[in-house]
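As a plain string of letters, each chain reads:
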Amino acid sequence: MTIESPDTDADAGSRVVSCTLCGRPDGSEPIHGIGARMRRDQVCYSCDWWRTCRRYRTLGDRDDDGRRIVRAGGRHYMTWTPEQGPPPEIGESSAGPGTLYYVLLDDPTATVIESGPYWMMGSIPDSLRDVLPDNARIVREPARGAR
Ligand SMILES: [Zn+2]
(Lines give C-alpha, C1' and ligand atoms only; values in the text may rest on other atoms or scores of the structure.)
Protein backbone atom coordinates (compact mmCIF):
# COMPACT_ATOMS: atom_id res chain seq x y z
CA MET A 1 0.00 0.00 0.00
CA THR A 2 1.34 3.36 -0.87
CA ILE A 3 0.85 5.69 2.01
CA GLU A 4 2.16 9.20 2.10
CA SER A 5 3.92 10.14 5.26
CA PRO A 6 1.56 11.79 7.73
CA ASP A 7 4.24 14.38 8.35
CA THR A 8 4.13 15.58 4.76
CA ASP A 9 0.35 15.70 4.54
CA ALA A 10 0.16 19.39 5.31
CA ASP A 11 -3.60 19.47 5.04
CA ALA A 12 -4.30 16.42 7.17
CA GLY A 13 -7.80 16.61 8.44
CA SER A 14 -9.23 18.45 5.49
CA ARG A 15 -12.07 16.67 3.76
CA VAL A 16 -13.03 15.39 0.38
CA VAL A 17 -16.26 17.10 -0.58
CA SER A 18 -17.83 14.37 -2.68
CA CYS A 19 -16.37 11.06 -3.80
CA THR A 20 -16.04 10.71 -7.58
CA LEU A 21 -16.40 6.92 -7.34
CA CYS A 22 -19.37 6.40 -5.06
CA GLY A 23 -20.77 9.92 -4.90
CA ARG A 24 -20.95 9.77 -1.15
CA PRO A 25 -20.19 13.00 0.58
CA ASP A 26 -17.31 12.41 2.91
CA GLY A 27 -16.40 14.13 6.08
CA SER A 28 -17.13 11.69 8.83
CA GLU A 29 -13.94 9.69 8.69
CA PRO A 30 -10.46 10.72 9.72
CA ILE A 31 -7.82 10.84 7.03
CA HIS A 32 -4.68 9.08 8.16
CA GLY A 33 -1.86 10.55 6.16
CA ILE A 34 -3.53 9.86 2.83
CA GLY A 35 -5.45 13.08 2.64
CA ALA A 36 -3.33 14.43 -0.19
CA ARG A 37 -3.98 11.38 -2.34
CA MET A 38 -7.69 11.41 -1.54
CA ARG A 39 -7.95 15.09 -2.41
CA ARG A 40 -5.98 14.61 -5.61
CA ASP A 41 -8.23 11.76 -6.73
CA GLN A 42 -11.41 13.08 -5.08
CA VAL A 43 -12.27 9.79 -3.47
CA CYS A 44 -13.58 9.01 -0.03
CA TYR A 45 -11.67 7.01 2.56
CA SER A 46 -13.57 3.81 1.86
CA CYS A 47 -13.10 3.99 -1.91
CA ASP A 48 -9.43 4.87 -1.48
CA TRP A 49 -8.99 1.85 0.79
CA TRP A 50 -10.68 -0.67 -1.47
CA ARG A 51 -9.09 0.81 -4.57
CA THR A 52 -5.73 0.03 -2.95
CA CYS A 53 -6.89 -3.51 -2.23
CA ARG A 54 -7.94 -3.95 -5.86
CA ARG A 55 -4.46 -2.87 -6.88
CA TYR A 56 -3.00 -5.68 -4.75
CA ARG A 57 -4.98 -8.11 -6.84
CA THR A 58 -3.43 -6.76 -10.03
CA LEU A 59 -0.03 -7.29 -8.41
CA GLY A 60 -0.80 -11.00 -8.04
CA ASP A 61 -2.31 -10.75 -4.56
CA ARG A 62 0.82 -9.10 -3.21
CA ASP A 63 1.64 -5.65 -2.01
CA ASP A 64 4.55 -3.70 -3.43
CA ASP A 65 6.94 -5.42 -1.03
CA GLY A 66 5.65 -8.93 -1.68
CA ARG A 67 3.43 -9.37 1.35
CA ARG A 68 0.70 -11.88 0.57
CA ILE A 69 -2.94 -10.95 0.29
CA VAL A 70 -5.45 -13.52 1.48
CA ARG A 71 -9.17 -13.11 0.80
CA ALA A 72 -11.30 -15.67 2.52
CA GLY A 73 -14.91 -15.64 3.55
CA GLY A 74 -15.24 -12.13 2.20
CA ARG A 75 -12.54 -10.81 4.50
CA HIS A 76 -9.34 -9.19 3.31
CA TYR A 77 -6.07 -10.09 5.05
CA MET A 78 -2.41 -9.28 4.59
CA THR A 79 0.33 -11.60 5.84
CA TRP A 80 4.09 -11.24 5.83
CA THR A 81 7.28 -13.04 6.61
CA PRO A 82 9.60 -11.99 9.44
CA GLU A 83 11.96 -10.66 6.78
CA GLN A 84 9.24 -8.51 5.22
CA GLY A 85 7.84 -7.26 8.48
CA PRO A 86 4.46 -5.56 8.77
CA PRO A 87 3.47 -2.90 6.29
CA PRO A 88 4.74 0.47 7.46
CA GLU A 89 1.25 1.92 7.69
CA ILE A 90 0.25 -0.31 10.59
CA GLY A 91 3.40 -1.13 12.53
CA GLU A 92 3.93 -4.16 14.72
CA SER A 93 1.26 -3.24 17.23
CA SER A 94 -1.65 -3.65 14.85
CA ALA A 95 -0.72 -7.12 13.69
CA GLY A 96 -2.99 -9.91 14.73
CA PRO A 97 -1.35 -12.01 17.41
CA GLY A 98 -2.74 -15.23 16.02
CA THR A 99 -1.95 -17.26 12.96
CA LEU A 100 -4.15 -17.96 9.98
CA TYR A 101 -4.14 -21.43 8.52
CA TYR A 102 -5.42 -21.31 4.98
CA VAL A 103 -5.45 -23.08 1.65
CA LEU A 104 -5.11 -21.15 -1.58
CA LEU A 105 -8.08 -21.96 -3.81
CA ASP A 106 -5.89 -22.38 -6.89
CA ASP A 107 -3.54 -24.84 -5.19
CA PRO A 108 -4.38 -28.33 -6.49
CA THR A 109 -2.43 -29.88 -3.61
CA ALA A 110 -4.50 -27.93 -1.06
CA THR A 111 -1.43 -27.34 1.06
CA VAL A 112 -2.25 -25.67 4.35
CA ILE A 113 -0.27 -22.47 4.76
CA GLU A 114 0.50 -21.13 8.19
CA SER A 115 0.68 -17.38 8.12
CA GLY A 116 2.97 -15.37 10.23
CA PRO A 117 1.44 -12.31 11.79
CA TYR A 118 -1.42 -10.97 9.78
CA TRP A 119 -3.64 -7.95 9.41
CA MET A 120 -7.37 -8.35 8.95
CA MET A 121 -7.98 -5.38 6.71
CA GLY A 122 -11.75 -5.51 6.67
CA SER A 123 -14.81 -7.18 5.25
CA ILE A 124 -15.02 -6.67 1.52
CA PRO A 125 -18.16 -4.69 0.61
CA ASP A 126 -20.79 -6.68 -1.28
CA SER A 127 -20.39 -4.33 -4.23
CA LEU A 128 -16.75 -5.40 -4.60
CA ARG A 129 -17.04 -9.15 -4.05
CA ASP A 130 -16.91 -9.75 -7.81
CA VAL A 131 -13.65 -7.86 -8.23
CA LEU A 132 -12.16 -9.05 -4.96
CA PRO A 133 -13.19 -12.72 -4.86
CA ASP A 134 -11.89 -15.14 -2.27
CA ASN A 135 -8.50 -16.57 -3.17
CA ALA A 136 -8.25 -18.79 -0.11
CA ARG A 137 -10.17 -20.77 2.43
CA ILE A 138 -9.43 -20.51 6.14
CA VAL A 139 -9.02 -24.00 7.56
CA ARG A 140 -8.41 -23.05 11.15
CA GLU A 141 -9.41 -19.82 12.83
CA PRO A 142 -7.07 -17.99 15.17
CA ALA A 143 -7.42 -18.93 18.81
CA ARG A 144 -10.14 -17.18 20.75
CA GLY A 145 -8.96 -13.80 21.94
CA ALA A 146 -6.76 -13.33 18.93
CA ARG A 147 -7.93 -11.24 16.03
ZN1 LIG B 1 -16.32 6.71 -2.29
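Residues numbered from 1 in each chain as written. Predicted model: local features only at pLDDT ≥ 70, side-chain atom pairs only at ≥ 80, totals over all residues.

Turning our eyes to something else, we now look at the sheet that holds strand 4 (residues 112-114). On the basis of which strands lie adjacent, the open sheet formed by 3 strands has the order 4-3-6 and antiparallel pairing. Each end of this open sheet is capped by a strand with a single partner; those strands are strand 4 and strand 6 (136-140). For this sheet, the mean inter-axis angle between neighbouring strands, taken without regard to orientation, is 40°. By the bridge criterion, 4 bridges tie strand 3 (residues 101-104) to strand 6 in an arrangement that is antiparallel. Bridging across to strand 6, Tyr101 finds its partner in Arg140. (Pairing = 2+ DSSP bridges. Helix = DSSP H or I, 4+ residues; strand = E, 2+ residues; numbered from the N terminus. Axes fitted to C-alpha atoms, helices over the stretch in contact; angles between N-to-C directions.)

A few words on the environment of Leu132. When you line up the elements, Leu132 lands in the loop between strand 5 (118-123) and strand 6. With 19 C-beta atoms packed within 10 Å, Leu132 lands in the partly exposed category. When the C-alpha atoms of Leu132 and Tyr56 are compared, they prove to be 9.8 Å apart, with 76 residues separating the residues in sequence. Once you skip the residues sitting within four places of it in the chain, Leu132 turns out to touch Cys53, Arg54, Arg57, Arg71, His76 and Ile124. (Buried ≥ 20, exposed ≤ 12 C-beta atoms within 10 Å, placed from the backbone. Contact = placed C-beta atoms within 7 Å.)

Moving on: the sheet that holds strand 2 (residues 75-79). Pairing between sheet strands relies on hydrogen bonds along the backbone, with the strands arranged either parallel or antiparallel. The 3 strands lie next to each other as 1-2-5, forming an open sheet whose pairing is antiparallel. Every other strand in the sheet has two partners, leaving strand 1 (68-72) and strand 5 as the edge strands with one partner each. Strand-to-strand twist in this sheet, taken as the mean axis angle between neighbours without regard to direction, amounts to 25°. Where strand 2 meets strand 5, 5 bridges bridge the pair, whose relative direction is antiparallel.

Okay, the confidence of the model for the protein chain next. Per-residue confidence for the protein chain averages 80 on the pLDDT scale, and 73% of its residues sit at or above 70. Across the protein chain, strand 1 holds the top mean pLDDT of 97, while helix 1 (residues 35-41) sits lowest at 79. Confidence drops under pLDDT 50 across residues 1-12; counting only partners more than four residues distant or on other chains, this segment forms 25 contacts. (pLDDT = per-residue confidence, 0-100.)

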